[in-house]
Amino acid sequence: MKVAVVGATGMVGNVMLKVLEERNFPLSELIPVASERSVGKKIKFGEKEFEVVGLETAVAMKPEIALFSAGGDTSLKWAPKFAEVGTTVIDNSSAWRMNPEHKLVIPEINASLLDKSDKIIANPNCSTIQLLMALKPLHDNYGIKRVVVSTYQSITGTGVKAVQQLENEYSGENGEMAYPYPIHRNALPHCDVFQDNGYTKEEMKLTNETKKILGDDSVNVTATAIRIPVVGGHSESVNIEFSKDFEEADVRKILSEFPGITVQDNPGVNTYPMPIYAEGKDDVFVGRIRRDHSQPNTLNMWIVADNLRKGAATNAVQIAEYLIEHKIV
Ligand code: 2RA
């Protein structure tokens, strides 16, 4: 099994390599792919070293699977070229997510949709993945009418330049800015670009991707996405209005029984999810579960996950594992 990682030298690409190795992914050859300036670099993977190649070369090597995290433009241009030579692409950019011809997959939720016809599969946005992991089991049990979500997003979602900006601000160094303002001791209500409707693309991803993954356009989502000076993961404050009532104990049981969710919810002893402890883990952590007494059938909760792992790399690798386990690839 030849597996390409396109964007292998980037922040998510590096985590993809780490997760592939940790999970003993059954690959016989790794094809690390990056821009021309990285071609020829050696990447250690397990006991072996593999040389970084360019995109043309990678296509010609005809990998069975290609994990992409190289931006939407690269994916739009190159994912079809890989698909033409028989490669199944799992893409972490937003390029294919809302395309009706392509599936948007969180394995614990809708991997069963996948079949041999799927040659370009979309990995949802990081903040969508952690939100939907909690929403799906509750939607199945109580029917979600409306979700109000505020995200508190790690600077790692922006990339290396943002992490460097924060480090420069800590140390008082000048350097390139990833954001229009300082991020140290600040909170930016600005993740991705603003649209004419006053929402950012990041906020609209939560609205649109939720509907697609649940397969239910009646579920309404309104979001505010905030960037905060944190590195371990994204946090989300979520308010959910259901079609029918619930018992909090049942909600906790349903969530704790859903694969990939860990409920951390005992405020009396300061037990609740935090990015500092979610970092490096693959579960989605849910806590602060409590009824919203301001209106019927409504619940509040707090969701935290490592945005580079379950929010990106691990979800993509889990899709690849599903494809192999079910002999789709
Ligand atoms: C962010 N979700 O956090 C984006 C990255 N994919 O900026």
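The shown structure was predicted, so the numbers you read here are calculated from the model rather than taken from an experiment. (Residues numbered from 1 in each chain as written. Predicted model: local features only at pLDDT ≥ 70, side-chain atom pairs only at ≥ 80, totals over all residues. Heavy atoms only, no water.)

This part covers the domain arrangement of the chain. Domain parsing of the chain yields domain 1 (2-124 + 312-325) and domain 2 (127-307). Computed from C-alpha coordinates alone, the two centres of domain 1 and domain 2 are separated by 25 Å. With 19 residues of domain 1 at the contact, the number on the domain 2 side is 19 residues. For the pair domain 1 and domain 2, the summed buried surface comes to about 1500 Å²; carbon and sulfur atoms form 70% of the total. Considering only the surface of domain 1 that becomes buried against domain 2, Met11, Glu108 and Ile109 emerge as the three largest contributors, covering 38% of it. Across the pair Arg23 and Asp282 runs a salt bridge, and its minimum N-O distance is 4.0 Å. (Domains from an automatic or database assignment. Contact = heavy atoms within 4.5 Å. Buried area = accessible area lost by both parts, 1.4 Å probe. Salt bridge = Lys/Arg side-chain N within 4 Å of Asp/Glu carboxyl O.)

Turning our eyes to something else, we now look at empty space enclosed by the protein. By rolling a water-sized probe across the atoms, one finds the places where empty space is left. Per the counting criterion, the structure on display carries 1 cavity of 30 Å³ or more. Size it by volume and the largest cavity reaches roughly 30 Å³. Lining of the largest cavity is provided by Gln264, Pro273, Met274, Tyr277, Ala278, Phe285 and Val304. When its residues are assigned to classes, the lining of the largest cavity shows 6 nonpolar, 1 polar and no charged. (1 Å grid on protein atoms, 1.4 Å probe; cavity = no way out; pocket = protein on both sides within 12 Å on 5 of 7 lines; lining within 4 Å. Points joined across faces, edges and corners; volume = space filled by probe spheres on them. Nonpolar A, V, L, I, M, F, W, Y, C, P; charged D, E, K, R; others polar.)

Strands pair in a sheet through their backbones, by hydrogen bonds, and they do so in one of two ways: parallel or antiparallel. Across the sheet, which stays open at both edges, the 5 strands sit in the order 2-1-5-6-7 with parallel pairing between neighbours. Sheet topology places strand 2 (29-33) and strand 7 (120-122) at the edges, where each strand pairs with a single neighbour. Averaged over all pairs of adjacent strands, the angle between their axes in this sheet comes to 20°, without regard to strand direction. Here 5 bridges tie strand 1 (residues 2-6) to strand 2, and the two strands are oriented parallel to one another. The residue of strand 2 that forms the bridge with Lys2 is Glu29. Strand contacts of helix 1 (residues 11-22): strand 1, strand 2 and strand 5 (65-68), with the helix running at about 155° to strand 1, the strand carrying the most contacts. (Pairing = 2+ DSSP bridges. Helix = DSSP H or I, 4+ residues; strand = E, 2+ residues; numbered from the N terminus. Axes fitted to C-alpha atoms, helices over the stretch in contact; angles between N-to-C directions.)

What follows covers the site of the ligand. Residues in close proximity to the ligand include Asn125, Cys126, Gln153, Gly157, Glu202, Arg227 and His234, which together make up its full environment. Take Glu202: an N or O atom from its side chain is 2.5 Å from a nitrogen atom of the ligand. Between the ligand and His234 there is a distance of 3.3 Å, counted from an oxygen atom to a side-chain nitrogen or oxygen. The cavity where the ligand resides is the largest pocket. (Near = heavy atom within 4 Å. Polar contact = N/O pair within 3.5 Å; in protein donor to acceptor, adjacent residues only side chain to side chain. Sits in = over half its atoms within 2 Å of the grid points.)

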